[in-house]
Amino acid sequence: MDSFMDAAIAEAQAGLAEGGIPIGSVLVHQGKIIGRGHNRRVQKGSAILHGEMDALENGGRLPAAVYAQSVLYTTLSPCAMCSGAILLYRIPRVVVGENVTFLGEEELLRSRRVVVDVLQDSRCIEMMREFIRKHPTLWNEDIGVDPGASERNEWTSPERERGVDPGASERDEWTSPERERGVDPGAATRRWRFGLVKERDES
């Protein structure tokens, strides 16, 4: 067993006992834990306190050289937000407990030369599976997923990637002249709403 992953799991269990989401993390420098934390979005009413972010925060202000020689352990594959922090501080290695229940931005990290080791630890997998089964709404909130989007004719991920709004015709948003020219006047508004890239010039 990896003692540092054991410490991250202990953090996850502490978070679960507090009524939060069971994801834990520790920051290790030269064989010593210098920061530890767990997901505290629920406990603190926070928008950003995922396990990795909490561990970095609890580690305090550190020189860049310390991060560059550290390893971040996390019980779950890091999301886009936590991966951004890893890249910002140039942490060279991340050890992940599991990515079965959630696959984060591992490929992004690897593309930026971060070493990502995935253990597929059964303790981490079972802990998250049980939590997601019991608290699906809270879990979706934590990873920024709106499960009701498709029911409201909003965009699903594949449609978003293709720039297609399947609900446009049902909402009669296109007028006949615009439809003939293939222009959707509401696209820019919806792209802003969903955080899409700048719309291409269709004129």
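Data block above holds the structure.
Scope of this entry: the structure provided in the associated data block. (Residues numbered from 1 in each chain as written. Predicted model: local features only at pLDDT ≥ 70, side-chain atom pairs only at ≥ 80, totals over all residues. Heavy atoms only, no water.)

1. Some remarks on the sheet that holds strand 2 (residues 32-38)
Each strand in a sheet pairs with another by means of backbone hydrogen bonds, the pair being arranged parallel or else antiparallel. For clarity, the cut-off: In short, DSSP must find at least two bridges between two strands for them to pair. By definition, any uninterrupted DSSP run of H or I lasting at least four residues is a helix, any uninterrupted run of E lasting at least two residues is a strand, and each is numbered from the N terminus. Interaxial angles span 0 to 180 degrees and are taken between N-to-C directions of axes, which are lines fitted to C-alpha atoms, for helices over the stretch in contact. In this description, contact between two residues means that some pair of their heavy atoms is separated by no more than 4.5 Å.
On the basis of which strands lie adjacent, the open sheet formed by five strands has the order 2-1-3-4-5 and mixed pairing. Of all the strands in the sheet, just strand 2 and strand 5 (115-118) have a single pairing partner and so form its edges. Taking the axes of each pair of neighbouring strands and ignoring which way they run, one obtains an average angle of 15° across the sheet. Across five bridges, the pairing between strand 1 (residues 24-29) and strand 3 (residues 70-74) is antiparallel. The partner of His-29 across the bridge, within strand 3, is Ser-70. Of the strands in this sheet, strand 1, strand 2 and strand 3 are in contact with helix 3 (residues 51-59), which crosses strand 2 at around 130°.

2. Focus on the packing of aromatic side chains
Stated precisely, the cut-off is as follows: Here a Phe, Tyr or Trp ring, Trp counted by its six-membered ring, pairs with any other such ring whose centre lies within 6.5 Å, and the pair is stacked when the planes are under 30 degrees apart, edge-to-face when over 60, and tilted otherwise. Buried, partly exposed and exposed residues are distinguished by accessible area as a fraction of the type maximum, computed with a 1.4 Å probe on protein chains only: under 20%, between the cut-offs, and over 50%, respectively.
Across all of its chains, the model carries three aromatic pairs by this definition. A centroid spacing of 5.4 Å and a plane angle of 50° characterise the contact between Phe-4 and Tyr-73, whose relative ring orientation is tilted. Residue Phe-4 is found in helix 1 (residues 3-17), and its partner Tyr-73 is found in strand 3; the two are separated by 69 residues along the sequence. The two residues Phe-4 and Tyr-73 agree in class, both being buried.

3. Here's the deal with the pattern of salt bridges
The cut-off we apply is this: Salt bridge, as used here, is a side-chain nitrogen of Lys or Arg placed within 4 Å of a carboxyl oxygen of Asp or Glu.
Per the counting criterion, the structure on display carries 12 salt bridges. Salt-bridge contacts for Glu-141 lead to Arg-41; the nearest nitrogen and oxygen are separated by 3.3 Å. Highlighted residues: Glu-141 in helix 8 (residues 136-142) and Arg-41 in helix 2 (residues 41-44), separated in sequence by 100 residues. Residue classification places Glu-141 among the partly exposed positions, given a relative accessible area of 48%. Among the residues examined, Arg-41 registers a relative accessible area of 12% and is labelled buried. Among the charged side chains, a salt-bridge network with shared partners connects Asp-6, Asp-121 and Arg-123.

4. Structural notes on the nonpolar core
Basically, it comes down to this: What makes a nonpolar core is a set of buried Ala, Val, Leu, Ile, Met, Phe, Trp, Tyr and Cys residues whose side-chain atoms join them at distances within 4.5 Å.
Ranked by size, the top nonpolar core spans 23 residues in total, and within it Ile-86, Ile-91, Val-114 and Trp-139 carry the most contacts. Elements supplying a minimum of two residues to this core: helix 3, helix 5 (80-88), strand 4 (93-96) and helix 7 (122-134). The element contributing the most residues to this core is helix 5, with four residues. Those residues in contact with Trp-139 that sit more than four places away from it in its chain are Ile-21, Ile-23, Leu-76, Phe-102, Met-128, Phe-131 and Ile-132. Of all hydrophobic cores here, the second largest spans 13 residues; its members include Phe-4, Ile-9, Val-26 and Cys-124.

5. Thoughts on unusual backbone geometry
Look at Gln-30: it is not a glycine, yet its phi comes out positive at around 50°. Note on placement: Gln-30 falls in the loop between strand 1 and strand 2. Relative accessible area serves as the criterion here: at 60%, Gln-30 is assigned to the exposed category. Even without glycine at this site, Arg-113 takes up a positive phi of about 70°.

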